[in-house]
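# A look at the structure
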Amino acid sequence: MKGGHRLSKGGQIDRETRLRFRFDGQSYTGHAGDTLASALMANGVQVMGRSFKYHRPRGVVSAGVEEPNALVTLGTGGRADPNTRATVTELFDGLTAQSQNRWPSLRWDAMAVNDALAPFLTAGFYYKTFMWPAAFWEKLYEPAIRRAAGLGALSGQDDPDAYDRGFLHCDLLVIGAGPAGLAAALTAGRAGARVILADEDSRAGGRLNAEQEAIGQDSAADWAAEAWAELDSLPNVRLMRRSTVIGAWDHGIYGVLERVAEHATGPSAGTPRQILWRVYSQRAILCSGATERSIAFADNDRPGILQAGALRAYMNRWAAAPSDTIAVFTNNDDGHRTARDALAHGLNVAAVIDTRAEAPESADFRVIAGSEVCGSWGRRGLKGITYRKGRGTALRLECGALGVSGGWNPNVHLTCHHRGRPVWQEDIAAFVPAERGVPGLSVAGAAAGLFSTQAALSSGARAAAEALNDIGRPCQPAALPEAEDAPVNITPFWLVETPKTTWASARSRAWIDPQNDVTHKDIKQALQENFRSVEHLKRYTTLGMATDQGKIGNVLGLGVMAEVTGAPVPQTGTTIYRPPYTPVPIAAFAGRSARGDFRPTRRTPSHAWAEEQGAVFTEAGLWLRAQYFPQAGETTWRETVDREVLAVRAGVGICDVTTLGKIDVQGADAAEYLNQIYANGFAKLPVGKCRYGLMLREDGLMMDDGTAARLAEQHYVVTTTTANAGPVLRHMDFVRQCLMPSADVQIVSTTEVWAQVSIAGPNARALLSRIVDLDLSAQAFPFMACTETRLKNGVKARLFRISFSGELAFELAVPTRYGDALMRALMAEGADLGVTPYGTEALGVMRIEKGHVAGNELNGTTTALELGLGGMVSSKKDAIGRVLSQREGLVAEDGLRLVGLKPADGKDALPAGAHLFTRGTPADAEHDQGYITSACFSPVLGHPIALALLRNGRARHGEVIRVSSPLTGVESEADVVSPHFVDPEGGRQRG
């Protein structure tokens, strides 16, 4: 497992700063500026991982985020971070890493036996193997697959770190700080535009840091550092290092993951580990560079075989080499650059093997033109390769590392996030972004197929000027120094075919996707089995479905596929990419919405007062509401709830109902707008009146119920149930924007703006009259009336005469800041009336006693007809959901209907969720007659009651029905009655 060393000079590491780290329990040292991969390479470690299916030993392939092999778990305990790429993990003192996907060790992996079974584990074997016998699936196949699946594993412990989310705005977002990105940012920054430059690396420059070239009078790396320093000095430019743009969404919105503390043991106090930014940009430029692709040949997955460009990066940036002796396999001029750089660093170059017959010659190293690498040897580290010219005899060449260059693929991923399809460009033998990709996003540099440094600089500056001119900010491209401008010289070459002359050669495989162990044979087999669509090939072979999302193997696989089928690459087609561009921890998406902050706890305005009264609280939607108010001597919650219900029925009670959704609707077309949203009529609702409304989904099922109060000619207040406040607002906004875009109507949520208290019971009018200077008589302020008014102390208020309890009731709303004071004032003014605070439990009991439907009935599967509200669906007007609510299956006579239930013996419990059956029939799905939606003990009636949905229920009043709840072990009988248990005529609420 040893090979590789630290070069004696060069690189961008701080040789004075030594960092200690551990890998698989072994201690090593590196330098500041190293990555984990470069430090391991410098310490002679070649094997850094195992492949997914065959558990073959694998070494580093790349030097960037495309790395498929060197995946490790960083840290321990709650900070353990699996599937992290060693190639982009910055080294810090005390870093701890473990290899993955191996047992018992990286050197000796028992699962490597899969490699010997490779002939039985070809593409699609799982589709064929695990189909029979069927009984094996649950007991054998599934457990075995689950044990083998996955790469790294989470620790299962709580992550101690915080994550955050944020929002940023700019005129121009520049994605990538290579030569094109730096030129674009300099152009826009000098023009005074608001610029955000985001780059995934810790050091600006991109490939400039990996090459030995000059820009103007400076080295490329120094020019990049100077450009970054200038940008940092501009107040209108925001620089974001260690920040990956993960996706492109609508309207110029981009996701950016910033790794704030990944380069340290842990974040400092108050600092998040990562931040997920939502960036709003007027224009964006993609300068994401390109990824080098390989050439497929037999046994091309051995540790020590890597991208030629990555080999240069390790030498030039990190002063690390995988071996003293290297070779290069290439089909283009770029591979020769690796050989020249290796010589400059004092390494031996065994040969450059070039597939082109007219390959450029060199006086410094041996070039073998018109040849191809056809094999390699060395199990845990490359020892040498075999090569041949044409179909000639294979010759052996000893070397410890092989750099492979099959060309460069522009990183087009973000341009595909709106389903853009890249197009083939023949002169560079690669796919480039389509002209119409993401609106507002242009592409520059290597990402656009412009591979020379001069072309990258010029295209970046030009793209920035065009973007700013497009948004009305006059701009000229920045003046830039001269740089390398060599043309691309490549002859496409995808696969070295191995003649099947021996048993060993018949077993040889050329690897396309190294992480998922996809070989050229898998592609051929998929085509033979008629999986010829590129999308089918991807899924049948898992090509491009590894954690690198196809960055390494996709285009190579398409080239091999084209070669096998005889079709050109453009005709073969491409798959497309989806966000995120690189893996994103779920914790970053959650941000601070975790543990106790998973969702915000909303407290009612009277929460502090309720706490003083000893209230027990419950979650209601996003809110914390008082559930009941126990008093001294009460030993059970039922005692408390019964007392509260009887107090309201006999006197007066108050309840904070601020949590009900409140939506202001205003505009000349507000009446017609509500008439479309509600199934019942609202066009003629008089000013000063409320109306109970039914809101249907487009499929005709119930969405929500509530009230709409008309305060003025063009002003309505809509209320919703607590849990549905958000969904209803989204629905109403959709109708406003999409279904009625030209209507003069505006909506805004005011749920948190107004505190609202329900005052219910026979003495409600007497209590309310003490704080409101208003005639509250039945004649002056009848049932379902509403008005804007003021309290006697001058505080503005809204008053609604609506009831959810079946009693005389009012709902009084005041600005939220007065909510607590209002509750205290009502308690003080009503002391002699025996005013009693009541919570959600008592509220629920009273609504069941009255037969009001609520969340248990509005469960997304019910219709207005089923809930006894079918008559409210108007046939005289159109409304959302009206037509589909009349579908044959929803209006059948024997359909479910809302009924009331009371125990036949007057005492048996009626549990919610219990199913109903006709007497004498089996308790099974075939004979199911309905189910109980809500149940409680009625202190007014003195026995349990329930609301239920029963087949043909309205015609079955008086019938005795069987109640069965296997979950709770209840078997009983109940009388079917009207759902209106208390005051069915409604005299109390209208009094």
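For the structure, check the block above.
On to the overall build of the protein chain, then. Scanning the protein chain from N- to C-terminus turns up 24 helices and 52 strands. A principal-axis box enclosing the C-alpha atoms of the protein chain has dimensions of 110 × 70 × 55 Å. Taken over 991 residues, the protein chain has a buried fraction of 56%. Here the contacts in the protein chain between residues at least 6 apart in sequence split such that 66% fall between residues at least 24 apart. Approximately 41,200 Å² of the protein chain is accessible, and the part contributed by carbon and sulfur atoms is 52%. The averaged location of the 107 negative side-chain charges in the protein chain is 2 Å from the averaged location of its 103 positive side-chain charges.

What follows is about the packing of helix 11 (residues 520-528) against helix 13 (residues 554-565). Look at helix 11 against helix 13: their axes get within 10 Å of each other, and the N-to-C directions meet at 50°. Relative to helix 13, the element helix 11 is oriented oblique. Seen along the crossing, helix 11 lies across helix 13 with a hand that is right-handed. Counting all contacts with helix 11, which are made through His 520, Ile 523, Lys 524 and Leu 527, the residues of helix 13 involved are Gly 557, Val 560, Met 561, Val 564 and Thr 565. The residue inventory of the contact of helix 11 with helix 13, partitioned by class, reads five nonpolar, three polar and one charged.

To continue, consider the packing of aromatic side chains. For the coordinates displayed, the defined rule picks out ten aromatic pairs. Measuring from centroid to centroid gives 4.0 Å for Phe 531 and Tyr 540, while their planes differ by 15°, and the two rings are stacked. Classification of Phe 531 by relative accessible area gives partly exposed; the value is 28%. Through successive ring pairs, a cluster of aromatic residues spans Trp 424, Phe 431 and Trp 494. Above the face of the Trp 377 ring, Arg 396 is positioned so that its terminal group lies 3.7 Å from the ring centre.

A few words on the pattern of salt bridges. Evaluated as defined, the whole model comprises 51 salt bridges. Salt-bridge contacts for Arg 956 lead to Glu 959; the nearest nitrogen and oxygen are separated by 2.9 Å. Beyond isolated ion pairs, a larger network of salt bridges with shared partners links Arg 56, Arg 58, Asp 115, Asp 301, Arg 379, Arg 509 and Asp 517.

Turning our attention to the pairing of strand 8 (residues 95-99). Here strand 8 shows a clear split, with Leu 95, Ala 97 and Ser 99 buried on one side and none of Thr 96 and Gln 98 buried on the other. As paired strands, strand 2 (residues 14-23) and strand 8 are joined by three bridges and run parallel to one another. From the neighbouring strand, Phe 21 faces strand 8, where its bridge partner is Leu 95. Note that strand 6 (residues 71-74) and strand 8 share three bridges and pair antiparallel. Each bridged residue has a counterpart across the sheet, and for Val 72 the counterpart in strand 8 is Ser 99.

Moving on to the sheet that holds strand 22 (residues 367-369). Taken in spatial order, the five strands line up as 18-26-20-21-22 in an open sheet, and their pairing is parallel. In this open sheet, the two strands that pair with only one neighbour each are strand 18 (305-307) and strand 22. With direction set aside, neighbouring strand axes in the sheet form an average angle of 20°. In the packing of helix 7 (residues 308-316) onto the sheet, the strands contacted are strand 18, strand 20 (325-330) and strand 26 (401-405), and the crossing angle to strand 18 comes to about 90°.

Another aspect to go through is helix 17 (residues 637-650). An ideal rise of 1.5 Å per residue puts 20 Å on 14 residues; helix 17 measures up with 20 Å between its terminal C-alpha atoms. Residues Thr 640, Val 641, Asp 642, Glu 644, Val 645, Ala 647, Val 648 and Arg 649 constitute the buried set of helix 17.

Rules of the game
- Residues numbered from 1 in each chain as written.
- Predicted model: local features only at pLDDT ≥ 70, side-chain atom pairs only at ≥ 80, totals over all residues.
- Heavy atoms only, no water.
- Helix = DSSP H or I, 4+ residues; strand = E, 2+ residues; numbered from the N terminus.
- Buried < 20%, exposed > 50% of the residue type's maximum accessible area, 1.4 Å probe, protein only.
- Contact = heavy atoms within 4.5 Å.
- Areas by Shrake-Rupley, 256 points an atom, 1.4 Å probe, with all protein chains shown as cover.
- Lys, Arg positive; Asp, Glu negative; His and termini not counted.
- Charge placed at Lys NZ, Arg CZ, Asp CG, Glu CD.
- Axes fitted to C-alpha atoms, helices over the stretch in contact; angles between N-to-C directions.
- Parallel < 35°, antiparallel > 145°, perpendicular 65-115°, else oblique.
- Left-handed = near helix turned anticlockwise from the far one by under 90°.
- Nonpolar A, V, L, I, M, F, W, Y, C, P; charged D, E, K, R; others polar.
- Phe/Tyr/Trp six-rings, centres within 6.5 Å; stacked < 30°, edge-to-face > 60°.
- Lys NZ or Arg CZ within 6 Å of the ring centre and 35° of its normal.
- Salt bridge = Lys/Arg side-chain N within 4 Å of Asp/Glu carboxyl O.
- Pairing = 2+ DSSP bridges.
- Expected span 1.5 Å × (residues − 1).

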